Amino acid sequence: MDDHQREIPGGGLFIRRGLIEEVGPMSELPKTADEVLDLKGHVVLPGLVNTHHHFYQTLTRAVPAAQDANLFNWLKTLYPIWARLTPHDIFTSTQTALAELALSGCTTASDHLYLFPNGSKLDDEIAAASEIGLRIHASRGSMSLGESKGGLPPDSVVDDEDSILKDSQRLIEKYHDPKLGSMVQIVLAPCSPFSVTTDLMKQSAKLAREYGVHLHTHLAETEDEEQFCLQKFGHRPVGYMQEVDWVGDDVWFAHAVWVNDEEIKVFAKHNCGVAHCPTSNMRLASGIAPIKEYRKAGVNVGLGVDGSASNDGSHLLAEVRNAMLLSRVKEGITGFSSSESPSPSGRGVRGEGEGQGVRALMTAREALYLGTRGGAAVLGRKDIGSLAPGKCADFFAVNLNKLGFAGMHDPVSAIVFGQPVNADYTVVGGKFIVKEGQLVTVDEHKLVEKHNKAAKRLLS
Ligand SMILES: [Zn+2]
């Protein structure tokens, strides 16, 4: 994933003080090091970057009443359960989600926490993340538009705007680190157009820009939201974002499924990023985001697993696979255009009578690009997303000597085309988070036990 998209058979990395110093064939690397990790037979890739998640939702996966609902009904079913979350629950669910992510090759994750019931704080999440050892972009989410004001969430889970803004400022001042190799960055993230007032959107943008932190929200996830925005604000979702000054290279949107050609141009012109969450979009029957169109227009696209209650897992490598597969479903539905050049590693032929063309399908490498470089660009980071000198030593390795990879003829594509597997090694800043397939910074069995207790209590 470096600028030349190099793939180095028998290659290696030389790492010092958390940064990659050299990348190349083993014969060109230093002969000695304090520690040598022999990864013969593995494929080694830059750590995956997760651009959208709600860690706390690991506690409410596959809740029967929310299994077969669309977004708005799913939310209405779960809001009252989430209103019972405690600080301890935020801590535990963060560790569970990050442990799962680490096992799937993720090294940097953005989380969007927008409920703070019973004294919960973003600090609980940041403390949990620092124990696990993944880089985190912790989004200080918020909801201020309750049912009584025409919003979707019950009034019991929304907060007043003054306290939201004060807490946002406190968190930025306490934790935000924009430097090379940063482990924690703060993001301001009012939840969605249907749960936040116009004033809070504007105030959050102003505050974020005073401090140079990024902005994030859900946008154009479903057709319901489009109707809501037209009725309440007189704009489609993207037009509403322009109205509240939410466009720029410091803004990225989760989902952005329901957009038209003009709106894609708005994102491109202002360098807004998109967090594509294919599994969640399928799970909630939200639709298929126009990823190919975004990429063609020059919009940065990263991948996200989205909340664990709409996925219902946190496996980022599986998301890479689903991004590739879902984009191919879309190609199949919309038909192939004749204007596109075929790709040597994936081509689709148009149906009879539909024209002469073939068109490049999303390749495994392109999907991996979205999960690494794409995600880094969406989060505004230049120090992660590729294996190159000067970048953070964040990588994962998968042993290809496994049944599911038997007979694969391309080691890089194998981990996308093949069934999603766990990483054998995940390393962040030169430190092991996963070693020989096992989590090293947390006791997995104790965590599962603690997590299940908390999950049971929430629904009791
Ligand atoms: Zn989400």
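Calculation rules
Residue positions within a chain follow its written sequence, with the count starting from 1. Only residues with pLDDT of at least 70 get local features here, since the model is predicted, and only at 80 or more are side-chain atom pairs given and counted; chain-wide, interface and lining totals rely on the full set of residues. Only hydrogens and water are removed before side-chain values are computed, so all heavy atoms of the structure are retained for them. Between rings of Phe, Tyr and Trp, where Trp is taken as its six-membered ring, a pair exists when centres lie within 6.5 Å; planes separated by under 30 degrees are stacked, by over 60 edge-to-face, and by other angles tilted. Numbered from the N terminus, helices here are DSSP runs of H or I no shorter than four residues, and strands are runs of E no shorter than two. Partly exposed describes any residue whose relative accessible area lies between the buried limit of under 20% and the exposed limit of over 50%, with all areas from a 1.4 Å probe on protein chains only and scaled to the type maximum. Only N, O and S atoms count as donors, using a 2.8 Å limit from the metal and a wider 3.2 Å limit for Na, K and Ca, and since water is excluded some coordination spheres may look unfilled. Key to geometry: four donors with every angle between 85 and 135 degrees are tetrahedral; four donors are square planar and six octahedral where opposite donors lie over 155 degrees apart and all remaining angles lie between 65 and 115; all other sites are irregular. Strands are treated as partners if at least two bridges between them are detected by DSSP. One speaks of a salt bridge when a side-chain nitrogen belonging to Lys or Arg is within 4 Å of a carboxyl oxygen belonging to Asp or Glu. The set of buried Ala, Val, Leu, Ile, Met, Phe, Trp, Tyr and Cys residues whose side-chain atoms join them within 4.5 Å is what this entry labels a nonpolar core. It only takes one pair of heavy atoms within 4.5 Å for two residues to be counted as in contact. Expected helix span is taken as 1.5 Å per residue step, with the number of steps being one fewer than the number of residues.

Enquirer: How do you make sense of the packing of aromatic side chains when you look at a structure like this?
Expert: Summed over all chains, the structure comprises 11 aromatic pairs. For the pair F72 and F194, a centre-to-centre distance of 4.6 Å together with 55° between the ring planes defines the contact as tilted. One end of the pair, F72, is in helix α1 (residues 71-82); the other, F194, is in the loop between β7 (184-190) and α5 (198-211), and 122 residues separate them in sequence. With relative accessibility at 12%, the residue F72 sits in the buried group. An angle of 75° between the planes, with centres 5.7 Å apart, marks the rings of W74 and W82 as edge-to-face. According to the relative accessible area criterion, W74 is buried, its value standing at 3%.

Enquirer: I would appreciate a short explanation of the coordination of the zinc ion in the present structure.
Expert: A metal bound by six donors in octahedral fashion has ideal angles of 90 or 180 degrees, whereas one bound by four tetrahedral donors has an ideal angle of 109.5 degrees. Within the protein, H52 (NE2), H54 (NE2), H218 (NE2) and D306 (OD) serve as the donor atoms for the zinc ion, at 2.1 to 2.3 Å. If you look at the zinc ion, its four donor atoms make angles of 87 to 172° with each other, and the shape they trace is irregular. Mapping the donors of the zinc ion onto the primary sequence gives the spacing H-x1-H-x163-H-x87-D. Taken together, the residues H218 in strand β8 (residues 214-219) and D306 in the loop between β11 (301-303) and α11 (316-334) connect sequence positions 88 residues apart. No difference in accessibility class separates H218 from D306, as the two residues are buried.

Enquirer: Help me out: how do you make sense of the pairing of strand β16 (residues 431-435) in this one?
Expert: For a regular strand, the rule is simple: side chains alternate between the two faces of the sheet. Where strand β15 (residues 425-428) and β16 come together, three bridges link them in antiparallel fashion. Residue pairing in the sheet places V427 in a bridge with F432 of β16. Between β15 and β16, which pair antiparallel in sequence order, lie two residues; one of them, G429, sits at a positive phi of approximately 55°. Bridging between β16 and strand β17 (residues 438-439) involves two bridges; their strand directions are antiparallel. When the bridges of β17 are listed, K435 appears paired with Q438. Two successive antiparallel strands, β16 and β17, enclose a turn made up of two residues, where E436 displays a positive phi of approximately 50°.

Enquirer: Before we go on, may I ask you to explain the pattern of salt bridges in this structure?
Expert: Between side chains of opposite charge, a pair can form as their charged atoms come close. Applying the stated criterion to the full structure yields 23 salt bridges. In this structure, D123 engages R170 in a salt bridge whose closest nitrogen and oxygen atoms are separated by 2.8 Å. Within this pair, whereas D123 is found in helix α3 (residues 122-132), its partner R170 is found in helix α4 (residues 161-175), the two being separated by 47 residues in sequence. Of the charged contacts, one joins E366 and R295 as a salt bridge, the two residues approaching to 3.2 Å between their closest N and O atoms. One end of the pair, E366, is in helix α12 (residues 364-379); the other, R295, is in helix α10 (residues 291-297), and 71 residues separate them in sequence. Under the relative-accessibility criterion, E366 is labelled partly exposed at 24%. Judged by its relative accessible area of 32%, R295 is partly exposed.

Enquirer: Even after reading the chapter, I still don't get the nonpolar core, so can you show me in this structure?
Expert: Nonpolar side chains tend to gather and get buried jointly when the protein is soluble and globular. Counting 122 residues, the largest nonpolar core has W74, W82, F267, Y294 and I415 as its most contacted members. Considering each element in turn, this core owes the most residues, eight residues, to α1. Setting aside residues up to four positions removed in sequence, W74 forms contacts with Q57, A66, A69, W82, R283, L284, A309 and S310.

Enquirer: Looking at this structure, how should I read α11?
Expert: An ideal rise of 1.5 Å per residue puts 27 Å on 19 residues; α11 measures up with 27 Å between its terminal C-alpha atoms. Immediately beyond the C-terminal end of α11, within one or two residues, lies G335, with a positive phi of roughly 85°.

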